[in-house]
Amino acid sequence: MYYSLFLSLASISSRGFFELFFSKSFSYFVAFLGFFIFLMIFFYNTKARVVLRGTTLLLSLSFIASSFVSLMISLFYGLKIIYTVYLVYPLAIALFFLLFYSIDTSKINVVKLRNTIATVIVLLFSIALLEQLHVLHLPGETFTFGVFIRPASLTGSYLHYPLIMILFASIVHTIDNKLTKISFLGYLSVFVAFSRSGMMLVSVIICMTILFKLHTFKIKLTISMIVYFVLTVFVVILFLTYSDVLNLIWGRLISSVNINSAGNPGRIEAWSHGLKIIANSNFLFGNNFGTITNLTVNLTGAKSSVVESGFLQMLVNFGIIGTTLFYAIFAYMYRYSYHRIQKGFLIAFVLQSFVYQSIEVLPFIMGSYLLFSLTKK
């Protein structure tokens, strides 16, 4: 196991733990500082070297330049100077992408990498389970159905925890090239946590993985496969029929597409609000920099709101130019992802970003950059 990488990943996933001792804004700083310091130790120990690539440099600098233009236009339209703090978001997005995709990590031991990530999965899941059993109570947890705890584990947010778990699970799934106990545990955790966004991500990842496999290979049906499929369907139906908890999980999953389910009317109203802002903004670069995000209010307390859609949020804050550059980064990651599970993950992330605000979960984004770069071609 890579202990320095373990401490790095554990640090970026532990904002909630640090909130037991510090304010939320300072906890962000401590989490990212620990992430960066231990990561540099990891790179040093593995003799990683920097190899700049033209495309990554161009994408990174272009997104930063576009963000500065968006800020200048917003200030011209009367934006308060305090919102300048939102520059930390595009700078982090661009510079960490440039750093991680410019590192030659060919000497990394894949088995040790896999075991490191697996250990973080077990740690986060164990803490979350203790929350749901009412043994621990940590910042960011909440209740659903008035009964069940939606855990935050160490992350500080019940929304962040499932996203991070899916990321780690998909990387282990990629390295193992099959669904193992650890990757299954990571995927299962989002269902146990009653996370609709997490369930959506896992469902799309699995569907895309199957589609890629069907496209690549000819699947031969055998008697054993047919029997296995029938038994699986039977067991699922049996559990859904006689298990109240599984019924609640199933209801939670399908509520994502029910416009009248809890939370969805407000989400649709937020999308409508976002579209109105975009219609009255500078379409190319936007003129509401840092006003539609949770990050500004978390860091400074300045007034901001959300539109419950990562795509709409990007359009409001950065305009169509910045939005295109942001998604171009993930297109680049897709291009250099060798495994269908990783490609499925990236497709799932992009699709989910249209209806959820996952793009500003920086531990999720930074972790994606890092772990995808470590497992690229």
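Above: the structure in question.
Residues numbered from 1 in each chain as written. Predicted model: local features only at pLDDT ≥ 70, side-chain atom pairs only at ≥ 80, totals over all residues. Heavy atoms only, no water.

Draft legend 1. Fine view of the overall build of the chain. Along the chain, the regular secondary structure elements total 16 helices and 4 strands. In the form shown here, the chain has an accessible surface area of approximately 17600 Å², with 71% of it arising from carbon and sulfur atoms. (Helix = DSSP H or I, 4+ residues; strand = E, 2+ residues; numbered from the N terminus. Areas by Shrake-Rupley, 256 points an atom, 1.4 Å probe, with all protein chains shown as cover.)

Draft legend 2. How the structure looks around the pattern of salt bridges. Here the structure, examined in full by the defined rule, presents 3 salt bridges. Notably, a salt bridge pairs Arg49 with Asp104, separated by 3.1 Å at the nearest N-O pair. Of this pair, Arg49 sits in strand E1 (residues 49–50) while Asp104 is found in strand E2 (residues 103–104), placing the two residues 55 residues apart along the sequence. (Salt bridge = Lys/Arg side-chain N within 4 Å of Asp/Glu carboxyl O.)

Draft legend 3. The arrangement of the nonpolar core in detail. One finds Tyr89, Ile93, Phe168, Met366, Tyr369 and Leu370 to be the most contacted residues of the largest nonpolar core, which totals 87 residues. Sequence-distant contacts of Ile93, that is, excluding residues within four places in its chain, are made with Phe63, Phe326, Ile329, Leu362, Ile365, Met366 and Tyr369. Counting 7 residues, the second largest nonpolar core, distinct from the first, contains Ile278, Ile292, Val307 and Leu312. (Core = buried A, V, L, I, M, F, W, Y, C linked by side-chain atoms within 4.5 Å. Buried < 20%, exposed > 50% of the residue type's maximum accessible area, 1.4 Å probe, protein only. Contact = heavy atoms within 4.5 Å.)

Draft legend 4. Examining the packing of helix H7 (residues 160–176) against helix H15 (residues 340–353) more closely. Viewed as axis vectors pointing N to C, H7 and H15 meet at an angle of 160 degrees, and their least axial separation amounts to 9 Å. As far as their axial angle goes, H15 and H7 are roughly antiparallel. Every residue of H15 that contacts H7 at Leu163, Ile166, Leu167, Ser170, Ile171, His173 and Thr174 is listed here: Ile341, Gln342, Phe345 and Gln352. (Axes fitted to C-alpha atoms, helices over the stretch in contact; angles between N-to-C directions. Parallel < 35°, antiparallel > 145°, perpendicular 65-115°, else oblique.)

Draft legend 5. Structural detail: the environment of Ser25. Counting through the fold element by element, Ser25 comes out in helix H3 (residues 24–45). Under the relative-accessibility criterion, Ser25 is labelled partly exposed at 27%. For the pair Ser25 and Arg15, spaced 10 residues apart in sequence, the C-alpha separation works out to 9.5 Å. Look past the residues within four positions of Ser25 in its chain and what remains in contact with it is Asn298 and Leu299. Among the polar contacts made by the side chain of Ser25, one reaches the side chain of Ser23 at a distance of 3.4 Å. (Polar contact = N/O pair within 3.5 Å; in protein donor to acceptor, adjacent residues only side chain to side chain.)

Draft legend 6. Representation of the environment of Ser14 in the model. Within the secondary structure layout, Ser14 lies in the loop between helix H1 (3–12) and helix H2 (15–18). Ser14 sits 20 residues away from Gly34 along the chain, and the two C-alpha atoms are 9.9 Å apart.

Draft legend 7. The arrangement of the packing of H7 against helix H8 (residues 181–192) in detail. Interaxial distance between H7 and H8 falls to 8 Å at its minimum, and their mutual angle equals 160 degrees. Classified by the angle their axes make, H7 and H8 are roughly antiparallel. Relative to H8, the crossing made by H7 is left-handed. In contact with Tyr161, Pro162, Met165, Ile166, Ala169, Ser170, Val172 and His173 of H7, H8 contributes Ile182, Ser183, Gly186, Tyr187, Ser189 and Val190. (Left-handed = near helix turned anticlockwise from the far one by under 90°.)

Draft legend 8. Local environment of the packing of aromatic side chains. The tally for this structure, following the rule as stated, stands at 35 aromatic pairs. A ring pair is formed by Phe36 and Phe96, whose centres lie 6.3 Å apart and whose planes are at 85 degrees; its orientation type is edge-to-face. In this pair, Phe36 is assigned in helix H3 and Phe96 in helix H5 (residues 88–100), connecting sequence segments 60 residues apart. For Phe36, a relative accessible area of 36% corresponds to the partly exposed category. Sitting over the face of the ring of Tyr334, Lys343 holds its NZ or CZ atom 4.2 Å from the ring centroid. (Phe/Tyr/Trp six-rings, centres within 6.5 Å; stacked < 30°, edge-to-face > 60°. Lys NZ or Arg CZ within 6 Å of the ring centre and 35° of its normal.)

Draft legend 9. Fine view of unusual backbone geometry. In this structure, Ser153 takes a positive phi of about 55 degrees despite not being glycine. As for its placement among the helices and strands, Ser153 is situated in the loop between strand E4 (148–150) and H7. At Glu308, a position not held by glycine, the phi torsion is positive, near 55 degrees. Locating Glu308 in the fold gives a position in the loop between helix H13 (295–300) and helix H14 (310–335).

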